[in-house]
Amino acid sequence: MKIFKFFITKIFLRKMIFSIGMFLLFFMANYTIFTTARLILSTFQGYQEIKIMDQEGTYIANLDPDSNIDMDAIVENGTQKVYDYLNNNFKYAFYTDGFIASLPNNDDMEISFSYMNEEYYKLNQFELSQGTDLNFDYQFNKDKEIPILVGKGLSKTYPVGSTIKIEVPVLEQSMTLKVQGVLKQNAYHSNFYALNSKTYYNFSVFLPVNQEFIEHANIDLQLNGLMDIVILQTTKEKVANLSEIMQDNLGLKFNFFSQKENYDYFNEYYLHSLKIMSIITLILIVIITCLSVWNALVSIRLILKDFTINLLVGLSYSKLKKIFYSYFGILFFINLIVIFLITAYSRYGNWLRKDATFVTYGFFALIGMDWFALLVVFLSDIIIGMIIIEIMLRKIKKIPISLGVLQ
Amino acid sequence: MTNIIDLNIREKVYKKKKTQLSILNNFKLEVNAGEKIAIVGESGVGKSSLLNIVGLLDTDYSGEYTLFGSLTANLHASELAQWRNQKVGFVLQESVLINSLTIEENIKLPLFYVGSGKKTFKLEDFENVINAIEIKPILKKKPLECSGGEKARAVFARGIIMKPQIILSDEPTASLDVENRKRIVNLLFKMNEEFNTTIITVTHDLEVANRHDKVIHLERSK
């Protein structure tokens, strides 16, 4: 320990290239690995989530990019006609979110309302930490209370069984909502077309919608619900007819893609760019590792005399190896701490900004994917560290430690 | 007298890309405890290489080396390091100091490597050494703040701080003025007289060489 402390304070830290230089290079490598590992894991999670749509006869709506939305031209009657057609001819999964409501809560967050019908709810199989599943067969305006699910962040203010009297944003009328269950911590939904992008439900309210609810809802809900509507157990011809009905009543062209087509899109655009990103990351890591080796070898040249003097008076190669491993271990550990702090601050920043859709609960603020990425960084550090140290030691051993080197 | 060094080198080869240089061919060295040996010869004949081998820094040669009755080939690298720490002292040119350390830290450097239960070191030993060598005033200075003579004495102090049984001295006076040269050589012989320390000195200075018990002329291998 005494020797190690001596080397750190009297030799390594005195050479900027071996302290700051190595630290910065390792930080670049670690941060690159960390962000890529997190991106890949998040995409994989989205991929798993989206798999539920991968069924024969399932089609997902997508507004044609060339369509111009003229809200003035779209009337509630038109959207309702589309829903009437849907109700009469299809089984469909309805989901829309992002409707902000002023709902007092302990954390003073803006609450997002998510609306879904029974088919969507069944497809996604949301896990609950408390309470029971949603029921969708309530009678609008007759039943006194509509059952809802809340995110973990709302469960303290609104525990299971409590009621909330609120003006529901899309109904423009006051309703009483009864908390039936609490979603599992960090429940999320991935974007269909950017699978790594997630919306977290910790401060969301899940409101079940049925045909009656949609009939009473305003055009915002009706139109938004159509944007990503999922048609189940149907055929290409039938959804083509639906597309025509939508065009006639809304003036908007909707395309319907099977999940297979969505996967093709994903593979063509997103997975391809993900692959490129992974390759670039790998190349970057190799370059940074080479730079680190070069940096270490330059440092060795600068410190060689100091090493040699120490070898003269009793240092052995095995002890020197231990010193290097310990020193690099400390550098990597500090790097991991820095990345941990940056990530924790970023996660905590969502709480500070009251950014309800990104707020998460985690162990020391970090959620599972962050810890996984840190583990990947830790493992890659072991590999990078071993490569650099073994090359350094080989180089040192190649230079004959002799009196000639000193003089 | 006891024979503490029994060295028999068949060949020491330096390889550099496609060329190779062979030195110290069939070289034998026997040294008794307390003996003073000077090694002279022109540059490149292998004087420093010989010291590297004797000082357990270089084990890459063909031949046998018995030190204090032990065959060095049988010693583990950590044992060789321990012997360098406790049995062999190196007195080199004045530049061989770590510039980021003070003179005191440089002198005390071998103490870091004293393993537990091994040779003990007393503070008074350090005091005795610095008093004998007269370097107390420069202990807190860094090498770059010292004169050549002061640095040479610091290197000498580091070489003897563990009271080694053998001192290997490689051109210790090469860049010193006459007065400092005399001083260092006198200190070296004083160690020999007081502690019966074996001295092996590589030098170009024949005046210094002739003060030793034996002078070995190394010649280029044919």
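Residues numbered from 1 in each chain as written. Chains lettered and ligands numbered in written order. Predicted model: local features only at pLDDT ≥ 70, side-chain atom pairs only at ≥ 80, totals over all residues.

S.K.: So, the overall build of chain A: which residues are in play, and what are the values?
M.R.: Counting secondary structure elements, chain A contains eleven helices and 13 strands. Its C-alpha atoms give chain A a radius of gyration of 29 Å, more than 25% over the compact-globule value 22 Å for 407 residues. Seen through its principal axes, chain A has C-alpha atoms that stretch 95 × 45 × 35 Å. Looking at chain A as a whole, 34% of its 407 residues qualify as buried. Across chain A, the fraction of contacts at a sequence separation of at least 24, relative to all contacts at a separation of at least 6, is 80%. (Helix = DSSP H or I, 4+ residues; strand = E, 2+ residues; numbered from the N terminus. Rg over C-alpha atoms; globule rule 2.2 N^0.38 Å. Buried ≥ 20, exposed ≤ 12 C-beta atoms within 10 Å, placed from the backbone. Contact = placed C-beta atoms within 7 Å.)

S.K.: Before we move on, could you go through the overall build of chain B and cite the residues and values that matter?
M.R.: Secondary structure assignment for chain B yields seven helices and ten strands. For chain B, the C-alpha atoms occupy an extent of roughly 50 × 40 × 40 Å along the three principal directions. Within chain B, the proportion of its 222 residues that are buried is 42%. Within chain B, contacts between residues separated by at least 24 positions form 77% of all contacts whose residues are at least 6 apart in sequence.

S.K.: So, the domain arrangement of chain A: which residues are in play, and what are the values?
M.R.: Residues and elements named next belong to chain A. Split by domain assignment, chain A resolves into domain 1 (2-50 + 265-406) and domain 2 (68-252). For domain 1 versus domain 2, the distance between C-alpha centres works out to 45 Å. Elements with a contribution of two residues or more to the side of domain 1 that touches domain 2: α2 (16-50) and α8 (259-312). No other element matches α2, which puts eight residues into the side of domain 1 that touches domain 2. Here the residues of the side of domain 1 that touches domain 2 are counted per class, giving ten nonpolar, six polar and two charged. (Domains from an automatic or database assignment. Nonpolar A, V, L, I, M, F, W, Y, C, P; charged D, E, K, R; others polar.)

S.K.: Give a detailed account of the interface of chain A and chain B, specifying residues and quantitative values.
M.R.: Opposite the 23 residues of chain A that make contact, chain B presents 24 residues. Put simply, the parts of the chain that give the side of chain A that touches chain B at least two residues each are α1 (2-12), α8, α9 (317-352) and α11 (403-406) of chain A. In terms of residue count, α1 of chain A provides more of the side of chain A that touches chain B than any other element does, five residues in total. For the side of chain A that touches chain B, the residue count by class is twelve nonpolar, seven polar and four charged.

S.K.: Give me the pairing of strand β5 (residues 62-67) of chain B: which residues, what numbers.
M.R.: Residues and elements named next belong to chain B. Relative to β5, strand β1 (residues 3-16) runs antiparallel, the two sharing six bridges. Opposite isoleucine 9, over in β5, you have glycine 63 as the bridge partner. As paired strands, β5 and strand β6 (residues 70-71) are joined by two bridges and run antiparallel to one another. In the sheet register, leucine 67 faces β6, and the bridge partner there is serine 70. The turn joining β5 and β6, which pair antiparallel and follow one another in sequence, is formed by two residues; a positive phi near 50° is taken by phenylalanine 68. (Pairing = 2+ DSSP bridges.)

S.K.: Lay out the sheet that holds strand β8 (residues 166-170) of chain B with the relevant residues and their values.
M.R.: All names here are of chain B. With parallel pairing, the five strands of this open sheet are ordered in space as β7-β8-β9-β4-β10. Across the chains shown, the open sheet's two edge strands, defined by having one partner strand only, are β7 (88-91) and β10 (214-217). The average undirected angle you get between the axes of adjacent strands in this sheet is 20°. Bridge count between β8 and strand β9 (residues 198-202): five bridges; the pairing is parallel. Note that in β9 the partner of leucine 168 across the bridge is isoleucine 200. (Axes fitted to C-alpha atoms, helices over the stretch in contact; angles between N-to-C directions.)

S.K.: Which residues make up unusual backbone geometry, and what values do they have?
M.R.: One non-glycine residue, glutamine 125 of chain A, lies in the positive phi region at around 45°. Structurally, the position occupied by glutamine 125 of chain A is in the loop between α4 (118-124) and β5 (128-131). Of note in the backbone geometry, leucine 56 of chain B takes a positive phi value of approximately 65° without being a glycine. Judged by the 22 C-beta atoms lying within 10 Å of it, leucine 56 of chain B is buried.

S.K.: How would you sum up the nonpolar core? Please name residues and give values.
M.R.: Val155, Phe156, Ala157, Ile167, Leu168, Leu188 and Ile200 of chain B are the most contacted members of the largest nonpolar core, which has 95 residues in total. Membership of the second largest hydrophobic core comes to 57 residues, among which are Tyr59, Met116, Val150 and Phe206 of chain A. (Core = buried A, V, L, I, M, F, W, Y, C linked by C-beta atoms within 7 Å.)

S.K.: So, helix α3 (residues 76-89) of chain A: which residues are in play, and what are the values?
M.R.: All names here are of chain A. Taking 1.5 Å of rise per residue, the 14 residues of α3 would be expected to cover 20 Å, and the 20 Å separating its terminal C-alpha atoms lies within 8% of that figure. For α3, the full list of buried residues reads Thr79, Val82, Tyr83 and Leu86. Considered in projection along α3, the buried side chains sweep an arc of 95° and stay on one side of the axis. Looking at α3, the residues exposed on the side facing more than 90 degrees away from the buried face are Asn77 and Asn88. Check the buried side of α3 and you find it contacts β2 (91-93), α5 (211-216), α6 (219-227) and α7 (236-250). (Expected span 1.5 Å × (residues − 1). Arc of directions from axis to C-beta.)

S.K.: If you had to explain the sheet that holds strand β1 (residues 59-63) of chain A to someone new, which residues and values would you point to?
M.R.: Residues and elements named next belong to chain A. One open sheet holds the four strands; their spatial order is β2-β12-β1-β13, and the pairing between them is antiparallel. The sheet is open, and its two edges are formed by β2 and β13 (254-258), each paired on a single side. Taking each pair of neighbouring strands and ignoring which way they run, the sheet shows an average axis angle of 30°. With two bridges connecting them, β1 and strand β12 (residues 230-232) associate as antiparallel partners. Bridged to tyrosine 59 within β12 is isoleucine 231.

S.K.: An account of the confidence of the model for chain B is requested, with residue identities and associated values reported.
M.R.: Averaged over all residues, the pLDDT of chain B equals 87, while 94% of them reach at least 70. Model confidence for the complex: the whole-complex pTM is 0.83, and ipTM, which rates the interface, is 0.88. (pLDDT = per-residue confidence, 0-100.)

S.K.: Run through the environment of valine 150 of chain A, naming residues and quoting values.
M.R.: Along the chain, valine 150 of chain A turns up in strand β6 (residues 145-150). Apart from the residues within four sequence positions on either side, valine 150 of chain A is in contact with Ser155, Tyr158, Val179, Val182 and Val205 of chain A.

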